[in-house]
Amino acid sequence: MANLKDSPHFEIHDDYYTPKSAWDQISHIIPKDKIIWEACMLNAEKSKSPEWLGFHGQVVYSSGMDCLEDQPTKWDMIITNIPFDRKLKIPILKKFVEYDKPFITIMNSMNLFSKYMREIFGENIKHLQVIHPSSKINFDKLIGDEVKETKNCSFYCVYVCYKMNLDTKDLWII
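Remember, predicted model here, so these are calculated numbers, not experimental data.

Overview of the overall build of the chain
And then number 1: Helices and strands together make up the secondary structure of the chain, namely 4 helices and 9 strands.
And then number 2: Along the chain direction, N to C, the helices and strands of the chain fall in the order β-α-β-α-β-β-α-β-α-β-β-β-β.
And then number 3: Since a compact globule built from 174 residues should have a radius of gyration of about 16 Å, the 16 Å found for the chain is in line with a globular shape.
And then number 4: Each principal axis of the C-alpha atoms in the chain carries an extent, and together these give about 45 × 40 × 35 Å.
And then number 5: Long-range contacts, defined as pairs at least 24 residues apart, comprise 72% of the intrachain contacts of the chain with a sequence gap of at least 6.
And then number 6: Here the chain displays about 10500 Å² of accessible surface, and carbon together with sulfur accounts for 50% of that area.

This is how it looks when you write it as structure tokens:
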């Protein structure tokens, strides 16, 4: 058996974007009457995530807005693909819990087993639900100035949902 901590350390590359298919597979749970904030768009001018989410509801976003420092004037919930890097992810999750509004974020499934998830959510962990996709999400990668599809992502992702009150049947995508 391999131990993840014994694996070579890889450079974290956060210039991956969410493909349309990732948002389409949860479209049935995205409230159509809510204003969605795509919160993790800082410096992501090439991302089409707001466009893809826009097929499912009204979206606000800004590639110049740091979600740790600012927020839109009006929004009801967050739907985003949170950065992979722990140094970014942890403060962002803390801020999302501080906002205390519903959110859905795509995360590496290994995060669910981390100590920091319990520390961040504390007693609010009772408001977490996890949606399990039927297969890996393969992200689009920014290479130079071009966004390219990837295949064979090296990890599995889940949708971590907060205060969404989803029906159990919606937690497994078939």
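Some thoughts on the sheet that holds strand E1 (residues 16–17)
And then number 1: Here 3 strands make up an open sheet; going across it, the order is E1-E7-E8 and the pairing antiparallel. In this open sheet, the two edge strands, each paired with only one partner strand, are E1 and strand E8 (146–149).
And then number 2: As paired strands, strand E7 (residues 140–143) and E8 are joined by 4 bridges and run antiparallel to one another. Looking at the pairing, Leu142 lines up with Val147 of E8.

Side note on the pairing of E7
And then number 1: Taking every second residue as pointing to the same face, the buried face of E7 carries Asp140 and Leu142, while none of Lys141 and Ile143 on the other face is buried.
And then number 2: With 2 bridges joining them, E1 and E7 adopt antiparallel strand pairing. Paired with Tyr16 across the strands is Lys141, a residue of E7.
And then number 3: Turn length for the E7-E8 hairpin, with the two strands adjacent in sequence and antiparallel, is 2 residues, and the turn residue Gly144 shows positive phi of about 65°.

Side note on the nonpolar core
And then number 1: One finds Trp37, Ile78, Leu93, Phe96, Met117 and Phe121 to be the most contacted residues of the largest nonpolar core, which totals 26 residues.
And then number 2: Listing elements by their share of this core, those giving two or more residues are strand E2 (35–37), helix H3 (86–99), strand E5 (103–108), helix H4 (115–121), strand E6 (128–131) and strand E9 (157–162).
And then number 3: It is H3 that contributes the most residues to this core, 6 residues altogether.
And then number 4: When residues no more than four places from it in sequence are discounted, the contact partners of Phe121 are Leu93, Val97, Phe103, Leu128 and Tyr162.

Cut-offs applied
Residues numbered from 1 in each chain as written. Predicted model: local features only at pLDDT ≥ 70, side-chain atom pairs only at ≥ 80, totals over all residues. Heavy atoms only, no water. Helix = DSSP H or I, 4+ residues; strand = E, 2+ residues; numbered from the N terminus. Rg over C-alpha atoms; globule rule 2.2 N^0.38 Å. Contact = heavy atoms within 4.5 Å. Areas by Shrake-Rupley, 256 points an atom, 1.4 Å probe, with all protein chains shown as cover. Pairing = 2+ DSSP bridges. Buried < 20%, exposed > 50% of the residue type's maximum accessible area, 1.4 Å probe, protein only. Core = buried A, V, L, I, M, F, W, Y, C linked by side-chain atoms within 4.5 Å.

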